[in-house]
Amino acid sequence: MGHLTAIDDQLVAEVTEWRRHLHANPETAFDEKATSDFVAAKLEEFGIEVHRGLGETGVVGTLKRGTSPIAVGLRADMDALFIHEETNLEYRSKVDGKMHACGHDGHTAMLLGAASYLARHGDFDGTVRFIFQPAEETGDERCGGNLMVKDGLFDKFPVSAIFGLHNMPYFPAGTFRMRTGPMLASIDTFEFHVVSRQSHPATQFNVPDPLLIAARIVQEMHAFKARYVNPAEPVVLSITQFQSGNPSDRQSVHVTPEKAVVRGTIYTLNDSVRDDFEAGLEKIVRHAAEAADAGHEFIFERGYPVLRNTENETQFAASVAREVAGGDAVETGMQPIMGAEDFAFMLGSVPGCYVLLGAAREGETTPRQLHNPGYDFNDEIIPAGVRYWATLAERYLEQAGSRP
């Protein structure tokens, strides 16, 4: 084993500097060119072999020691969000309308810190793959995790297991949470249009009212969830956009609109429930529109699948977390969270585990929400994150070498 005491104040200070540099220079999905340049340059500086271009802007670093054929993958996401930062930080975003509001700057920096440590001090027999992924935040199948897998990530860089990590400002700093099986939900988006003709209110009885029809459809969708889906199945149905008419044109208040457009999302932990909702919501839209003699269109787009941790890898990740943070700081039976993560695509190809690293700031009674213009990654958890990654890599290859 290497000496984890080498993860000292100097390394933590370097990782903090890297994190703040990334925070000040955010890049969104598939535009992470400068970010990828930065990551690749650091890996090369550490003496790690670098491959670029998977998933367009992804970076894979390979560090091999000894003769063992076993490899382990460690993944961090790199992309920022289309959110305008509202902080007074010295290192606040230099790009209007973009910021690291989810902590991917911290994820990338911590994995670089582990790469630096392992390149200098790592004592293992095998291979560590440092996987820096773009475009986690797209929410649809054209995301970095899926594209890297489709581009041959695990064919070109095979691993026995893959591990991921996300900061979580709602849990105490330095604690770890995880579970075997479904941990994060799938995400799907839907959209429907109800189409009619414009009409003066005095004669609107001659044409279908798309706004009224769409409102009824929204009610029926919630009724479908409440009465036609097993209430034991976790499902989050959200109507997030409803547009009809032109609110900027005050004169149009005198005209019944010709079209209504509604969009929403569905999160669930069950693939069959996804199928039920796709079929059920389409039927609701079609029947309501046809009954009113209106035109309609329904679009259902699959996003990320359910994120499922495998049992052996979750038990292993928990043992590493206990070594890093102590047994009282590790929870292995957390409730699933009804958010989504494209790391699910990687877990659909190889076994692995995704963990949450608590990042709540001491003394804060209201956590800094993710995807919020006031969010900032908590640098106090950098030592825990770097130690977790470095320990996980060494322990995994050590245990793999001892297996018969």
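For the structure itself, consult the block above.
First, a word on scope: everything that follows refers to the structure included in this document. These numbers were taken from a predicted model, which means no experiment stands behind them.

### Thoughts on the overall build of the protein chain
Okay, so step 1: Helix and strand counts for the protein chain stand at ten helices and 14 strands.
Okay, so step 2: Relative to the globule expectation of 22 Å for 404 residues, the C-alpha radius of gyration of the protein chain, 24 Å, shows essentially globular dimensions.
Okay, so step 3: Here the protein chain holds 404 residues, and 54% of them are scored as buried.
Okay, so step 4: Working note: accessible area of the protein chain is about 17,700 Å², and carbon and sulfur atoms make up 48% of it.
Okay, so step 5: Charged side chains of the protein chain number 36 positive and 57 negative; the gap between the two group centres comes to 2 Å.

### Remarks on the packing of aromatic side chains
Okay, so step 1: For the coordinates displayed, the defined rule picks out eleven aromatic pairs.
Okay, so step 2: Measuring from ring centre to ring centre gives 5.1 Å for Phe 176 and Tyr 388, while their planes differ by 35°; the resulting arrangement is tilted. Of this pair, Phe 176 sits in strand β6 (residues 176-177) while Tyr 388 sits in helix α10 (residues 382-402), and the two are 212 residues apart along the sequence. Of the two residues, Phe 176 and Tyr 388, both sit in the buried class.
Okay, so step 3: Ring geometry for Phe 224 and Phe 277: centres 5.2 Å apart, planes at 85°, overall edge-to-face. With Phe 224 in helix α6 (residues 210-228) and Phe 277 in helix α7 (residues 271-291), this residue pair connects regions lying 53 residues apart in the sequence.
Okay, so step 4: The class for Phe 224 is buried, based on a relative accessible area of 13%.
Okay, so step 5: Connected via pairs of aromatic rings, a cluster forms that spans Phe 163, Phe 316 and Tyr 396.
Okay, so step 6: The aromatic ring of Phe 171 is capped on one face by Arg 177, whose charged end is 3.8 Å from the ring centroid.

### Regarding empty space enclosed by the protein
Okay, so step 1: Overall, the coordinates contain one cavity of 30 Å³ or more when judged by the stated rule.
Okay, so step 2: There is about 50 Å³ of room inside the largest cavity.
Okay, so step 3: In terms of lining residues, the largest cavity is bounded by Asn 167, Pro 169, Ala 359, Ala 360, Arg 361, Glu 364, Arg 368, Tyr 375, Asp 376, Phe 377 and Asn 378.
Okay, so step 4: Elements with a contribution of two residues or more to the lining of the largest cavity: β5 (161-172) and β14 (352-360).

### Some points on the pattern of salt bridges
Okay, so step 1: Under the criterion given, the structure shown has 23 salt bridges.
Okay, so step 2: Taking the shortest distance from any N to any O, the salt bridge between Glu 331 and Arg 177 comes out at 3.7 Å. Residue Glu 331 is located in strand β13 (residues 330-331), and its partner Arg 177 is located in strand β6; the two are separated by 154 residues in the primary sequence.
Okay, so step 3: Its relative accessible area of 32% is what places Glu 331 among the partly exposed residues.

### A look at the packing of helix α1 (residues 9-24) against helix α2 (residues 33-45)
Okay, so step 1: The contact between α1 and α2 brings their axes to 11 Å, and the two run at 160°. Overall, the two elements α1 and α2 adopt an arrangement that is roughly antiparallel. In terms of crossing hand, the pair formed by α1 and α2 is right-handed. In this structure, α1 uses Trp 18, His 21 and Leu 22 to contact α2, whose residues at the interface are Thr 35, Phe 38 and Lys 42.
Okay, so step 2: Classifying every residue of the contact of α1 with α2 gives three nonpolar, two polar and one charged.

### Side note on α6
Okay, so step 1: In this model α6 runs 25 Å from its N-terminal to its C-terminal C-alpha over 19 residues, within 8% of the 27 Å that 1.5 Å per residue would give.
Okay, so step 2: Among the residues of α6, those classed as buried are Pro 210, Ile 213, Ala 214, Ile 217, Val 218, Met 221 and Phe 224. Down the axis of α6, the smallest arc covering the buried residues is 145°, so these residues share one side. Opposite the buried face of α6, at more than 90 degrees from it, the exposed residues are Arg 216, Gln 219 and Arg 227.
Okay, so step 3: The residue sitting at the N-terminus of α6 and contributing the capping side-chain oxygen is Asp 209; that oxygen lies 3.0 Å from the backbone nitrogen of Leu 211.

### Remarks on the sheet that holds strand β10 (residues 259-268)
Okay, so step 1: Overall, antiparallel pairing links the four strands, which are arranged β9-β10-β8-β11 in an open sheet. The open sheet is flanked by β9 (235-244) and β11 (295-302), the only strands paired with a single partner. With direction set aside, neighbouring strand axes in the sheet form an average angle of 15°.
Okay, so step 2: With nine bridges joining them, β9 and β10 adopt antiparallel strand pairing. Residue pairing across strands places Ser 244 opposite Ala 260, the latter belonging to β10.
Okay, so step 3: Against the sheet, α6 makes contact with β8 (186-195), β9, β10 and β11, and its axis sits at roughly 175° relative to β9, the strand it touches most.
Okay, so step 4: Relative to β11, α7 is tilted by about 170°, and along the sheet it contacts β8, β9, β10 and β11.

### Concerning the packing of α6 against α7
Okay, so step 1: The contact between α6 and α7 brings their axes to 10 Å, and the two run at 145°. The interaxial crossing formed by α6 with α7 has right-handed handedness. Of α7, the residues touching α6 (which contributes Ile 213, Ile 217, Glu 220, Met 221, Phe 224 and Lys 225) are Asp 276, Phe 277, Gly 280, Leu 281, Ile 284, Val 285, Ala 288 and Ala 289.
Okay, so step 2: Residues belonging to the contact of α6 with α7 are distributed by class as follows: ten nonpolar, one polar and three charged.

Quick notes on the rules
- Residues numbered from 1 in each chain as written.
- Predicted model: local features only at pLDDT ≥ 70, side-chain atom pairs only at ≥ 80, totals over all residues.
- Heavy atoms only, no water.
- Helix = DSSP H or I, 4+ residues; strand = E, 2+ residues; numbered from the N terminus.
- Rg over C-alpha atoms; globule rule 2.2 N^0.38 Å.
- Buried < 20%, exposed > 50% of the residue type's maximum accessible area, 1.4 Å probe, protein only.
- Areas by Shrake-Rupley, 256 points an atom, 1.4 Å probe, with all protein chains shown as cover.
- Lys, Arg positive; Asp, Glu negative; His and termini not counted.
- Charge placed at Lys NZ, Arg CZ, Asp CG, Glu CD.
- Phe/Tyr/Trp six-rings, centres within 6.5 Å; stacked < 30°, edge-to-face > 60°.
- Lys NZ or Arg CZ within 6 Å of the ring centre and 35° of its normal.
- 1 Å grid on protein atoms, 1.4 Å probe; cavity = no way out; pocket = protein on both sides within 12 Å on 5 of 7 lines; lining within 4 Å.
- Points joined across faces, edges and corners; volume = space filled by probe spheres on them.
- Salt bridge = Lys/Arg side-chain N within 4 Å of Asp/Glu carboxyl O.
- Axes fitted to C-alpha atoms, helices over the stretch in contact; angles between N-to-C directions.
- Parallel < 35°, antiparallel > 145°, perpendicular 65-115°, else oblique.
- Left-handed = near helix turned anticlockwise from the far one by under 90°.
- Contact = heavy atoms within 4.5 Å.
- Nonpolar A, V, L, I, M, F, W, Y, C, P; charged D, E, K, R; others polar.
- Expected span 1.5 Å × (residues − 1).
- Arc of directions from axis to C-beta.
- Polar contact = N/O pair within 3.5 Å; in protein donor to acceptor, adjacent residues only side chain to side chain.
- Pairing = 2+ DSSP bridges.

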